[in-house]
Amino acid sequence: MQALIRGGGRLIDTASTYGDAEIVLGKVTAAAGVRDKLFIATKLESPDAQELKRSLARLKTARVDLLQLHNVTSKQQSLERFREWKRQGVCRYVGITSTSRRDYPAVEAVLKREKPDFVQIDYSLDNRGAEKGILPLAAEVRAGVLTAVPYGNGRLFRLVHGKELPDWARVFANSWGQFFLKYLLGDPRVTAVIPGTGDPGHMTDNAGAMRGPLPDPDQRRRMIEFIESL
Ligand SMILES: NC(=O)c1ccc[n+]([C@@H]2O[C@H](COP(=O)([O-])OP(=O)(O)OC[C@H]3O[C@@H](n4cnc5c(N)ncnc54)[C@H](OP(=O)(O)O)[C@@H]3O)[C@@H](O)[C@H]2O)c1
């Protein structure tokens, strides 16, 4: 977390179901006194007041920045309760998440009807299904986009293992991590990328993707061709 803040990062995404993650995050932010420097996003499995209360207690905060309904699976899911909590000041923004292609129709229906502030979706250089329906729709309803699993859970690093970053990419990226993240950040509809890491060196590397030029549409097409050629 120190590496994140030093690198200029603010957003931490967690969930009520991520083991002890909320507990650890709450302890560390309270001990370091950095709650105000962070944008904390968490997720609930359902609009359940008990689950919310537990998350806030674990995170040691009176309000989270973003409260997301985790893994939308049905077109009928409502954000009414979440919006009520937003009105009460329990969260600044409400959102939905999914990392399952099968559930995209439900995500699209909920996005259209509920118009959440954010949608979190799996999106990486080798997993671009969100580009078809979800990203245009997010732009239409003016929802911010967080990219879950931006490295395909490490799959992209395995794909380029032992390979040098091509010269044409060094114009905008200093590492493979930055290459993969900047592909996503180069899409104006993407608000933030949320790579997962337990390694402070990787955190610093990832934070570096917030600086310097982003690939333009031609460079982004070249990135896709490159990855598809592997
Ligand atoms: N349904 C949902 O809402 C949902 C589902 C899944 C994920 N998510 C969100 O998406 C976040 C990211 O997903 P994820 O962690 O599963 O996958 P990911 O970010 O695509 O990949 C994480 C993997 O990449 C490695 N890595 C990270 N930075 C690196 C770097 N600079 N260089 C080399 N390796 C690097 C990590 O290893 P090290 O630890 O060694 O760095 C780890 O093995 C989650 O934390 C969560 O917030 C949401």
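Note: the structure precedes this text.
All of these numbers come straight from a predicted model, not from anything done at the bench.

Some details on the overall build of the protein
Stage number 1. Summing up its helical and strand segments, the protein has 10 helices and 7 strands in all.
Stage number 2. Its C-alpha atoms give the protein principal-axis dimensions of about 50 × 40 × 25 Å.
Stage number 3. Within the protein, the proportion of its 230 residues that are buried is 52%.
Stage number 4. Long-range contacts, defined as pairs at least 24 residues apart, comprise 74% of the intrachain contacts of the protein with a sequence gap of at least 6.
Stage number 5. Put simply, the protein shows about 11300 Å² of open surface, and 50% of that area lies on carbon and sulfur atoms.
Stage number 6. Counting 35 positive and 27 negative side-chain charges, the protein places the averaged centre of each group 3 Å from the other.

What to know about the side chain of Gln-178
Stage number 1. With respect to the secondary-structure elements, Gln-178 resides in helix 8 (residues 176–185).
Stage number 2. On the accessibility criterion, Gln-178 (6% relative accessible area) is buried.
Stage number 3. Each residue touching Gln-178, except ones within four places of it in the same chain, is listed here: Ala-173, Asp-205, Gly-208 and Ala-209.

Overview of helix 5 (residues 104–114)
Stage number 1. Among all positions in helix 5, only Tyr-104, Ala-106, Val-107, Val-110, Leu-111 and Glu-114 are buried. Across the axial projection of helix 5, the buried residues extend over an arc of 155°, all falling on one side.
Stage number 2. Remark: Lys-115 follows helix 5 within two positions and exhibits a positive phi of approximately 45°.

Topic: the packing of aromatic side chains
Aromatic ring pairs are reported here in terms of the distance separating the ring centres and the angle at which the planes meet.
Stage number 1. Under the definition given, this model contains 16 aromatic pairs.
Stage number 2. Residues Phe-157 and Phe-180 carry aromatic rings whose centres are separated by 5.4 Å and whose planes lie at 80° to one another, so their mutual orientation is edge-to-face. Within this pair, whereas Phe-157 is found in helix 7 (residues 155–159), its partner Phe-180 is found in helix 8, the two being separated by 23 residues in sequence.
Stage number 3. Ring geometry for Phe-179 against Phe-226: centres 6.1 Å apart, planes inclined by 70°, an arrangement best described as edge-to-face. Taken together, the residues Phe-179 in helix 8 and Phe-226 in helix 10 (residues 217–228) connect sequence positions 47 residues apart. Comparing Phe-179 with Phe-226 shows no difference in burial state: the two are buried.
Stage number 4. Taken together, the ring pairs in this structure connect Tyr-151, Phe-157, Trp-168, Phe-172, Trp-176, Phe-179, Phe-180 and Phe-226 into an aromatic cluster.
Stage number 5. When the ring centre of Tyr-183 is taken as reference, the NZ or CZ atom of Arg-220 above it lies at 4.1 Å.

Comments concerning helix 8
Stage number 1. The element helix 8 is extensively covered by neighbouring structure, given that 10 of its 10 residues are classed as buried.
Stage number 2. Buried within helix 8 are the following residues: Trp-176, Gly-177, Gln-178, Phe-179, Phe-180, Leu-181, Lys-182, Tyr-183, Leu-184 and Leu-185.
Stage number 3. Elements that come into contact with the buried residues of helix 8 comprise strand 6 (144–148), helix 7, strand 7 (192–193), helix 9 (200–207) and helix 10.

Description of the pairing of strand 3 (residues 64–69)
Stage number 1. Along strand 3, 6 of the 6 residues are buried, which leaves the element largely enclosed by surrounding structure.
Stage number 2. Across 4 bridges, the pairing between strand 2 (residues 39–44) and strand 3 is parallel. Across the sheet, residue Leu-44 finds its bridge partner in strand 3, namely Leu-69.
Stage number 3. Handedness of the crossover is the feature at issue here: the chain leaves strand 2, passes through helix 3 (residues 49–59), returns alongside strand 3, and the resulting connection is right-handed.

About the criteria used
Residues numbered from 1 in each chain as written. Predicted model: local features only at pLDDT ≥ 70, side-chain atom pairs only at ≥ 80, totals over all residues. Heavy atoms only, no water. Helix = DSSP H or I, 4+ residues; strand = E, 2+ residues; numbered from the N terminus. Buried < 20%, exposed > 50% of the residue type's maximum accessible area, 1.4 Å probe, protein only. Contact = heavy atoms within 4.5 Å. Areas by Shrake-Rupley, 256 points an atom, 1.4 Å probe, with all protein chains shown as cover. Lys, Arg positive; Asp, Glu negative; His and termini not counted. Charge placed at Lys NZ, Arg CZ, Asp CG, Glu CD. Arc of directions from axis to C-beta. Phe/Tyr/Trp six-rings, centres within 6.5 Å; stacked < 30°, edge-to-face > 60°. Lys NZ or Arg CZ within 6 Å of the ring centre and 35° of its normal. Pairing = 2+ DSSP bridges. Right-handed = clockwise from strand over helix to strand, strands pointing away.

These results come straight from atomic positions and should not be treated as a statement about function.
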